[in-house]
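Residues per chain, in single letters:
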Amino acid sequence: MKDEINCTELENLTRFLIALGDDSVIYSHRLSEWCSNGPYLEEDIALTNVALDYTGRARLFYQYAAKLEDNGKTEDDIAYLRTEREFTNLLIHELPINDFAFTMLRQYFMDVFYCLYLQALSGSKDESLSAIATKALKESHYHLKRSEPWIKLLAQGTDESRQRILRAQAELENFTGELFLMETWEVQLVDQGIAVDRSLIQLEWERQVSAFLAESNIQFTQTQLQVSGGRCGIHTEHLGHLLSEMQYLQRTYPGMKW
Amino acid sequence: MNQEYLSTYEVFVRSARGLDHKHVGSLHAENSQQALMYARDVYTRRSEGVSIWVVEAINITASQEEDVESFIEPMDEKKYRHASHYQLPDKIDNM
Amino acid sequence: MQTVEPLLQEAEFDQKILDEQKIEPRDWMPEAYRKNLIRQMSQHAHSEVIGMQPEGNWITRAPTLRRKAVLLAKIQDEAGHGLYLYSATETLGCTRSELIEALQTGKAKYASIFNYPALTWADVGATGWLVDGAAIVNQIALQRTSYGPYARAMVRICKEESFHQRQGYEIMFALAKGSPQQKQMAQDAMNRIWWPSLMMFGPHDADSAHSSQSMKWKIKRQSNDFLRQKFIDQTIPQIKVLGLDMPDPEIRWNKKRGHYDHGEINWDEFYQVINGQGPCNHQRIKHHKRAHDEGEWVREAVRNYREKQNRRENSTMKK
């Protein structure tokens, strides 16, 4: 009986790590699309750094998951050999980069979220998870320092930049709520002190975001019914295209070393 | 086309505690805070620094090449400011 | 007085060059020296920036997470190097906008190698290994160039680039020791990239338009042919370690010269690509323009925001 419990616990934790890894790997993929496409060279370099931070995170989550699974699979098997229905990232990470306003506003939403979330996760009972969160938290603090002034600048810059921010907000307002939803297995991990109760962060996130946007005369909105499903592998149409690109080599030449 | 409304900032990096800040190059940014962040990503990608200064280029006052004669050269002539100017007796080889 | 002064300045300048002293931004320099530097440095900067594209073509398709991180970091370095060089070129009194415009209108050149397509993953390896390898040979020589900011940028760049070549070779090694398909991929990429890499050193010394003046001014420190030979000599053993066939059947060791002999470069192709008729010339500039144009509203927002801030500051100061 005891073994069975441990077995579910382990399964839940692995699932959780892969989900967090998926969030990071998909998001880093999107950010990496900015490389050589930034508005000027300095910003190009800065954006790439954020992409690299998320690639690093994805690897840490996957490596830990692979270690727990202990079935000979590697971080790359997890990233490159699962299908769109098996990926469990939250949808906001997979949305296309759109324009710079969309990219920065999503980044800002994420940064506020991750600062709160990782702070809480750094108190996880699972030491390895706590260590990853502590490292990632430092990165997110820096990311937020970058995204905040950009949002202010774009919201107050020109009519066009403001319109673009508002449009981005309208596109994103369907997707922010999912950041605070949990499946049963995640709730179980919360009860064990391993994961973090996302719903407890929601209020603080909304408070920070609305106060900050209000400084630029933007009213923060979220739709009543939020789109969700990422954690169950129900994605937007965008993910399939992203994966077909990302997994192209591993799929075309199965089982090879690179 | 134009990006000159971003200001040019000169970047100085202290590579380790105890060393001077050293000029490493310049970059363009909207304000000094942004310049500092860009400097981190552009000039210290391999943790080359423990501290960064950025200075807006227009705020630097520099000596002029054509002033060398009156500005720099007279300093050259005061050899007595250097230890090597003084001869020590043979019996003392270290001072 | 007016006629004597410039002559005097020129003599002083020549003396500095002769004494191996560096020329610094505020020093007097002959107009032709300045122009020559702007040409070479901006070409170098543009090469770094345009060079981001062929490899960037593979970022989203890199086969492992480690390779992806490495490639991303590498391309980010290229952007950084472009920036160091733009920043050094700006000390000669031309603006970034002018430099970018010269690139986009075709007035300024960049390394022709980037007008070839990066077709397979092996191209990423071959590019890092051969193209960066050739660039490093060039750049090591340029660390001693006579213009201070250029020399310092080169020192920085050389320090950072050694990893670029190694990561490329590592990719090639993995492929060459992999499946027959992978080995074939490596061979094919090397065969295609080999010749354009040799072209990176420029025309033969006898045919090089800017070479002799550049050497006299110590902008260039070693000749095109000398550096090309150096690159070939150091690369052949690396090909052997990979176990790939030589990309040029005429490559053989010449005991008398103490160097490898090689076949003649197709100079018609070289000039054709330089003059805009390579496979990707249009694509590369179009990409650069598109990214730049799409960034226009961002830069415009920055300008406007800044003006507003300044106005606000001024009005609070008046109070």
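Residues numbered from 1 in each chain as written. Chains lettered and ligands numbered in written order. Predicted model: local features only at pLDDT ≥ 70, side-chain atom pairs only at ≥ 80, totals over all residues. Heavy atoms only, no water.

J.: I would appreciate a short explanation of the overall build of chain A in the present structure.
T.: The number of helices and strands found in chain A is 10 helices and zero strands. Each helix and strand of chain A, placed in order from N terminus to C terminus, yields the pattern α-α-α-α-α-α-α-α-α-α. Relative to the 2.2 N^0.38 estimate, which gives 18 Å for 258 residues, the radius of gyration of chain A is 18 Å and therefore close to what a compact globule would have. Overall size of chain A, expressed as C-alpha extent along the three principal axes, is 60 × 45 × 30 Å. Taking all 258 residues of chain A together, the buried fraction comes to 60%. The contacts of chain A with a sequence gap of at least 6 include a subset with a gap of at least 24, amounting to 79%. Counting only carbon and sulfur atoms, one obtains 52% of the accessible surface of chain A, whose full area is about 10500 Å². For chain A, the centre of its 24 positive side-chain charges and the centre of its 39 negative side-chain charges are spaced 3 Å apart. (Helix = DSSP H or I, 4+ residues; strand = E, 2+ residues; numbered from the N terminus. Rg over C-alpha atoms; globule rule 2.2 N^0.38 Å. Buried < 20%, exposed > 50% of the residue type's maximum accessible area, 1.4 Å probe, protein only. Contact = heavy atoms within 4.5 Å. Areas by Shrake-Rupley, 256 points an atom, 1.4 Å probe, with all protein chains shown as cover. Lys, Arg positive; Asp, Glu negative; His and termini not counted. Charge placed at Lys NZ, Arg CZ, Asp CG, Glu CD.)

J.: Please clarify how the interface of chain B and chain C should be interpreted in this entry.
T.: The accessible area lost on association of the parts is a frequent measure of interface size. Taken together, the contact pairs 25 residues of chain B with 29 residues of chain C. Summing both sides of the interface, chain B and chain C together bury roughly 2400 Å²; the carbon and sulfur share of this comes to 44%. The interface formed by chain B and chain C holds 11 residue pairs in polar contact (both at pLDDT 80 or more) in total. Broken down by secondary-structure element, the contributors of at least two residues to the side of chain B that touches chain C are β1 (7-14), β2 (21-29) and α1 (32-43) of chain B. Looking at the side of chain B that touches chain C element by element, the count peaks at five residues for β2(B). Its residues assigned to classes, the side of chain B that touches chain C shows nine nonpolar, nine polar and seven charged. (Buried area = accessible area lost by both parts, 1.4 Å probe. Polar contact = N/O pair within 3.5 Å; in protein donor to acceptor, adjacent residues only side chain to side chain. Nonpolar A, V, L, I, M, F, W, Y, C, P; charged D, E, K, R; others polar.)

J.: Sorry if this is basic, but what is going on with the state of the cysteines here?
T.: Here, the word disulfide means a covalent bond between the sulfur atoms of two cysteines. Going through the model one piece at a time under the given rule, you end up with zero disulfides over all chains. With no disulfide of its own, C:Cys280 lies 17 Å from the sulfur of A:Cys35, the closest cysteine sulfur. We classify C:Cys280 as buried; its relative accessible area is 4%. (Disulfide = S-S within 2.5 Å.)

J.: Honestly, the side chain of C:Ser87 in this entry has me stumped. Any pointers?
T.: Mapped onto the elements, C:Ser87 comes out in helix α4 (residues 65-90). Exposure remark for C:Ser87: the relative accessible area of 8% places this residue in the buried category.

J.: Teacher, can you tell me more about unusual backbone geometry here?
T.: Leave glycine aside and you will find that most residues have negative phi; peptide bonds, for their part, are mostly trans. Residue and element names in this part refer to chain A. Positive phi values are uncommon outside glycine, yet Asp-70 reaches one of about 50 degrees. Position of Asp-70 among the secondary structure elements: in the loop between α2 (41-69) and α3 (75-80). You will see that Asn-217, though not glycine, has its phi angle at about 60 degrees, which is positive. In this fold, Asn-217 is placed in the loop between α8 (198-214) and α9 (238-246).

J.: For this particular structure, what's the right way to read the interface of chain A and chain C?
T.: Contacts between the two partners involve 48 residues from chain A and, on the opposite side, 46 residues from chain C. With both chains or domains summed, chain A and chain C bury close to 4000 Å², and 67% of this area falls on carbon and sulfur atoms. Where chain A meets chain C, there are one salt bridge. C:Arg96 is the partner of A:Glu42 in a salt bridge, and the nearest nitrogen-oxygen pair spans 2.6 Å. Broken down by element, the residue count for the side of chain A that touches chain C peaks at 11 residues, all from α2(A). Considering only residue class, the side of chain A that touches chain C consists of 22 nonpolar, 14 polar and 12 charged. (Salt bridge = Lys/Arg side-chain N within 4 Å of Asp/Glu carboxyl O.)

J.: I tried to follow the pattern of salt bridges on my own but got confused; where do I start?
T.: Pairing between side chains of opposite charge can happen when their charged atoms approach one another. Residues and elements named next belong to chain C. Summed over the entire model, instances satisfying the criterion amount to 38 salt bridges over all chains. For Glu-170, the salt bridge identified is with Arg-67, shortest N-O distance 2.7 Å. Residue Glu-170 is located in helix α7 (residues 148-176), and its partner Arg-67 is located in helix α4; the two are separated by 103 residues in the primary sequence. Given a relative accessible area of 34%, Glu-170 falls into the partly exposed group. Among the salt bridges present, the one from Glu-296 reaches Arg-299, with a minimum N-O distance of 2.8 Å. A residue pair is termed a helical-turn pair when its members lie 3 or 4 positions apart in one helix, as Glu-296 and Arg-299 do in helix α13 (residues 296-318) at three residues. When its relative accessible area of 26% is taken as the criterion, Glu-296 is described as partly exposed.

J.: Help me out: how do you make sense of the environment of A:Ala195 in this one?
T.: Residue and element names in this part refer to chain A. Tracing the sequence through the fold places Ala-195 in the loop between α7 (184-191) and α8. For Ala-195, a relative accessible area of 8% gives the class buried. Taking the C-alpha atoms as reference, Ala-195 lies 33 Å from Glu-215; in sequence the two are 20 residues apart. The contacts of Ala-195, once residues within four sequence positions are left out, are Phe-16, Leu-121, Glu-186, Leu-189 and Val-190.

J.: Which parts of the structure should I look at to understand helix α12 (residues 281-294) of chain C?
T.: Residues that lie three or four places apart on an α-helix share one face, since the helix turns once every 3.6 residues. Residues and elements named next belong to chain C. Taking 1.5 Å per residue as the helical rise, α12 with its 14 residues ought to reach 20 Å, and the 20 Å between its terminal C-alpha atoms agrees with that figure. Here α12 has its buried residues at Asn-281, Arg-284, Ile-285, His-287, His-288, Ala-291 and His-292. Take α12 and look down its axis: the buried residues cluster within an arc of 155 degrees, on one side only. Exposed residues on α12 whose side chains face more than 90 degrees from its buried face are His-282 and Lys-286. (Expected span 1.5 Å × (residues − 1). Arc of directions from axis to C-beta.)

J.: Would you mind going over a nonpolar patch on the surface with me for this structure?
T.: Residues and elements named next belong to chain B. Residues Leu-88, Ile-92 and Met-95 make up a contiguous nonpolar surface patch of roughly 320 Å² in combined accessible area. Tracing the backbone through its elements, the reader meets Leu-88 in the segment after α3 (73-76). Since its relative accessible area comes to 37%, Leu-88 is described here as partly exposed. (Patch = residues over 30% accessible without salt bridge, like charges linked within 9 Å, V, L, I, M, F, W, Y side chains within 5 Å.)

J.: Is there a simple way to explain the packing of aromatic side chains in this structure?
T.: Two aromatic rings are characterised by how far apart their centres lie and by the angle between their planes. All names here are of chain C. Per the counting criterion, the structure on display carries 28 aromatic pairs over all chains. Here the aromatic rings of Phe-13 and Trp-28 are separated by 6.3 Å at their centres, their planes lie at 80 degrees, and the arrangement is edge-to-face. With a gap of 15 residues between them, Phe-13 in helix α1 (residues 4-18) and Trp-28 in the loop between α1 and α2 (31-50) connect regions that are remote in the sequence. A residue is classified by how much of its surface remains accessible, and Phe-13, at 1% relative accessible area, is buried. Ring centres of Trp-194 and Phe-231 lie 6.2 Å apart, and the angle between their planes is 25 degrees; on these two criteria the pair is classed as stacked. Within this pair, whereas Trp-194 is found in helix α8 (residues 180-199), its partner Phe-231 is found in helix α10 (residues 224-242), the two being separated by 37 residues in sequence. (Phe/Tyr/Trp six-rings, centres within 6.5 Å; stacked < 30°, edge-to-face > 60°.)

J.: Explain the sheet that holds β2(B) to me, please; I cannot follow it from the model alone.
T.: Strands in a sheet are paired, the pairing made by backbone hydrogen bonds, and the direction either parallel or antiparallel. All names here are of chain B. The three strands are arranged β2-β1-β3 in an open sheet whose pairing can be described as antiparallel. Looking along the sheet, the strands with just one partner apiece sit at the ends: β2 and β3 (51-56). The sheet shows a mean angle of 30 degrees between the axes of neighbouring strands, direction not considered. In this structure, β1 lies alongside β3, joined through six bridges in antiparallel fashion. Its bridge partner lying in β3, Glu-10 is registered against Val-55. (Pairing = 2+ DSSP bridges. Axes fitted to C-alpha atoms, helices over the stretch in contact; angles between N-to-C directions.)

J.: I tried to follow a negative patch on the surface on my own but got confused; where do I start?
T.: On the surface, a cluster of negative charge is contributed by B:Glu69, B:Glu73, B:Asp76, B:Glu77, C:Glu5 and C:Glu12. Elements that contribute at least two residues to the negative patch include exactly α3 of chain B together with α1 of chain C. Topologically, C:Glu5 is positioned in helix α1. By relative accessible area, C:Glu5 is classed as partly exposed at 42%.

Shape is all these values report; function is a separate question.
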